[in-house]
Amino acid sequence: MAPASQLPHAGNPTPAADRAPSHTPQAVSIAPASQLPHAGNPAPAAGRARSHTPQAVSFAPPKQAEYPPSIMSISPTSHQLAWQRAGFGVFCHFGVNTFHGREWSDGTLPAASFAPTAFDARRWADAAAEAGARYLVVTAKHHDGFCLWPTATTDYSVRSSPWRGGRGDVVGEVAEACRAAGIGFGVYVSPWDRNASCYGDPAAYDDFYVRQLTELCTGYGELFEIWFDGAGSEGRVYDWDRFMGVVAEHQPGAMVFNMGRPTIRWVGNEDGLAADPVRYAVAHTEKSMFTGEVDTLGAATYLPPECDVPIRGDWFWQPDDAHTLKSLRHLMAIHYRSIGLGAGLLLNVGPDRRGLFDDADAARLAEFGAEVRRRFGSPVEAVLSVEGDVVVARFAAPVALDHVELREDLAEGQRIFAHEIFADGVAVVSGGTVGVRRLHAVGSRTVRELRIRLDAGRLESVAAHVTGVERPEEPEEQPERPPGKIM
């Protein structure tokens, strides 16, 4: 597996810091937030000048009520930045539910029913990598408690299935396949366990879960992400200090999703959609779709959001929901509203009863990856400088474009919450967040330079794209999911 610091992001095959343009882009900043414009959506923060003296802009400051100074001072770790630059991952819900047409089950479905006929983790990882994903997360244990690795903690696992004669290890094969494909590997491990007889005894279950988490954190190499799902755990108090101690000891670089001591957070819906502005520093996380309960962090914490969404209506492969497969247009709308807004995207493709991606799902995933590459795979970088109150992005020669990609220098935290782009003296687009990447459709035009006003902060890079697309796709209304999937 490629080191986390080298994993590229979706949309552009390699992050800005890893590209080799004909120049070395310089992060540039302009005037403090208190003196700078609101260009469409809110903003806060103060940036520092490097080789120039920022000057105040002479128009109205952005609204800043939502963004106190404490939030603007939070900075990311190198592992968080690597995860943000990765941008796009594939989620694989796979387990005993796959063989019973269930989304949730209660821990009573027989382990012997887990019987994929043609399982090939290499095809999962290769399909993900070819689509531009930089990591893959597998459901090592869902709420039913069935374990996709031969755990010593319970018989409710692949050891009790006929697959591979009871000697198989889905987690191990997927981890190896991800390494071979050069992408990160992560595990989803549900705290809620509907099979474990000890679940009703919190202390005993905490011991049980620590053993499971230790197995996963020590047996499968470097983990890129550990996914804790809050569904079903509403109101339950776990020993998160112990759980996080396991992660800190064995997987200190792994991103922790949403619970315990998280380093990334849930965006708050299962539609894959973020909204501008996308805040990286927050004081709480939302637990699940089924409650208004939140986990309070005690202080503002740098937690960039991940947008999770299934490629179909359901998470596990189902025999009766092929009609819910999302269109390419809808997936591109998700791309603009997640990766294009500076969030991460985790797109679920549930393997079928063969242990492979459904042919239609695999084709749509490939189509999505190809379209993202077509639009955003050949960026033309600008050289950045500062003139008075604006950042100037100059291209080596006049460039045709219809999209602009901005990247913020996040080393000292997220600072930009309002920005405006000008071409030939005319404002062509404005917005709030820039973050790790912001995509703007700006209409077809040929320019030699762009001028950008920020409320604060610094830009790391500016790139032009020519896509042939004048307006981003809008999300489509989705069909109803077939009922009866919950036990």
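This text gives an overview of the structure that appears in the document. (Residues numbered from 1 in each chain as written. Predicted model: local features only at pLDDT ≥ 70, side-chain atom pairs only at ≥ 80, totals over all residues. Heavy atoms only, no water.)

Considerations on the packing of aromatic side chains
Then, in step 1: Per the counting criterion, the structure on display carries 30 aromatic pairs.
Then, in step 2: Relative to Phe146, the ring of Phe114 has its centre 5.4 Å away and its plane inclined at 40 degrees; by these criteria the two rings are tilted. Of this pair, Phe114 sits in the loop between strand 2 (88-92) and helix 3 (121-130) while Phe146 sits in the loop between strand 3 (135-141) and helix 4 (170-181), and the two are 32 residues apart along the sequence. Pair check on accessibility: Phe114 and Phe146 agree, each one buried.
Then, in step 3: Relative to Phe376, the ring of Tyr336 has its centre 6.1 Å away and its plane inclined at 80 degrees; by these criteria the two rings are edge-to-face. Linking Tyr336 in helix 7 (residues 328-337) with Phe376 in helix 8 (residues 359-376), this pair joins segments that are 40 residues apart in sequence.
Then, in step 4: On the basis of relative accessible area, Tyr336 is assigned to the buried category, the value being 8%.
Then, in step 5: Over the ring of Tyr199 we find Arg236; its NZ or CZ atom is 4.1 Å from the centre of that ring. (Phe/Tyr/Trp six-rings, centres within 6.5 Å; stacked < 30°, edge-to-face > 60°. Helix = DSSP H or I, 4+ residues; strand = E, 2+ residues; numbered from the N terminus. Buried < 20%, exposed > 50% of the residue type's maximum accessible area, 1.4 Å probe, protein only. Lys NZ or Arg CZ within 6 Å of the ring centre and 35° of its normal.)

Topic: helix 8
Then, in step 1: Over its 18 residues, helix 8 extends 26 Å from the first C-alpha to the last, a length consistent with the 26 Å expected when each residue adds 1.5 Å.
Then, in step 2: Along helix 8, the positions that sit buried rather than exposed are Asp361, Arg364, Leu365, Phe368, Gly369, Glu371, Val372, Arg375 and Phe376. Looking down the long axis of helix 8, one finds its buried residues gathered within 160 degrees of arc, a one-sided arrangement.
Then, in step 3: Residue Asp358 occupies the N-cap position of helix 8, its side-chain oxygen lying 2.9 Å from the main-chain nitrogen of Ala360. (Expected span 1.5 Å × (residues − 1). Arc of directions from axis to C-beta. Polar contact = N/O pair within 3.5 Å; in protein donor to acceptor, adjacent residues only side chain to side chain.)

With respect to the sheet that holds strand 11 (residues 344-348)
Then, in step 1: Read across the sheet, eight strands follow the order 6-5-4-3-2-11-10-7 without closing on themselves; strand pairing throughout is parallel. Each end of this open sheet is capped by a strand with a single partner; those strands are strand 6 (255-257) and strand 7 (265-266).
Then, in step 2: Where strand 5 (residues 225-227) meets strand 6, three bridges bridge the pair, whose relative direction is parallel. Residue Trp227 lies in a different strand from strand 6, and its bridge partner there is Phe257. (Pairing = 2+ DSSP bridges.)

A word on the pairing of strand 3
Then, in step 1: Of all seven residues in strand 3, seven are buried; the element is thus mostly enclosed.
Then, in step 2: Pairing of strand 2 with strand 3, which is carried by four bridges, proceeds in the parallel orientation. Within strand 3, the position partnered with Gly89 by the bridge is Tyr135.
Then, in step 3: Handedness of the crossover joining strand 2 and strand 3 through helix 3: right-handed.
Then, in step 4: Note: strand 3 against strand 4 (residues 184-189), six bridges, orientation parallel. Residue Tyr135 lies in a different strand from strand 4, and its bridge partner there is Gly184.
Then, in step 5: Since strand 3 and strand 4 lie parallel, the crossover through helix 4 that links them has a hand, and here it is right-handed. (Right-handed = clockwise from strand over helix to strand, strands pointing away.)

Comments concerning the pattern of salt bridges
Then, in step 1: By the definition in use, this model includes 29 salt bridges.
Then, in step 2: Arg453 serves as the salt-bridge partner of Asp389, at 3.7 Å between the closest nitrogen and oxygen. Residue Asp389 is found in the loop between strand 13 (383-387) and strand 14 (390-408), and its partner Arg453 is found in strand 17 (residues 438-454); the two are separated by 64 residues along the sequence.
Then, in step 3: In this structure, a network of salt bridges that share partners links the residues Arg312, Asp321, Asp358 and Asp361. (Salt bridge = Lys/Arg side-chain N within 4 Å of Asp/Glu carboxyl O.)

Regarding the environment of Arg375
Then, in step 1: The residue Arg375 is located in helix 8 in this model.
Then, in step 2: Arg375 sits in the buried class, given a relative accessible area of 5%.
Then, in step 3: For the pair formed by Arg375 and His403, sequence separation is 28 residues and the distance between their alpha carbons is 9.0 Å.
Then, in step 4: Once you skip the residues sitting within four places of it in the chain, Arg375 turns out to touch Met332, Tyr336, His465, Val466, Thr467, Val469 and Glu473.
Then, in step 5: Polar side-chain contacts of Arg375 include one of 3.0 Å to the side chain of Tyr336.
Then, in step 6: In this structure the side chain of Arg375 is engaged in a polar contact, spanning 2.7 Å, whose partner is the side chain of Glu371. (Contact = heavy atoms within 4.5 Å.)

Re the side chain of Arg458
Then, in step 1: Within the secondary structure, Arg458 sits in strand 18 (residues 458-465).
Then, in step 2: We classify Arg458 as buried; its relative accessible area is 7%.
Then, in step 3: A distance of 3.5 Å separates the side chain of Arg458 from the side chain of Glu412, its partner in a polar contact.

Comments concerning unusual backbone geometry
Working note: non-glycine residues mostly have negative phi, and peptide bonds are mostly trans.
Then, in step 1: Cis geometry is found at the peptide bond from Asp276 to Pro277, where omega equals 5 degrees.
Then, in step 2: With respect to the helices, strands and loops of the structure, Pro277 is situated in the loop between strand 7 and strand 8 (281-286).
Then, in step 3: The phi angle at Asn258 is positive, at roughly 75 degrees, despite the residue not being glycine.
Then, in step 4: The residue Asn258 is located in the loop between strand 6 and strand 7 in this model.

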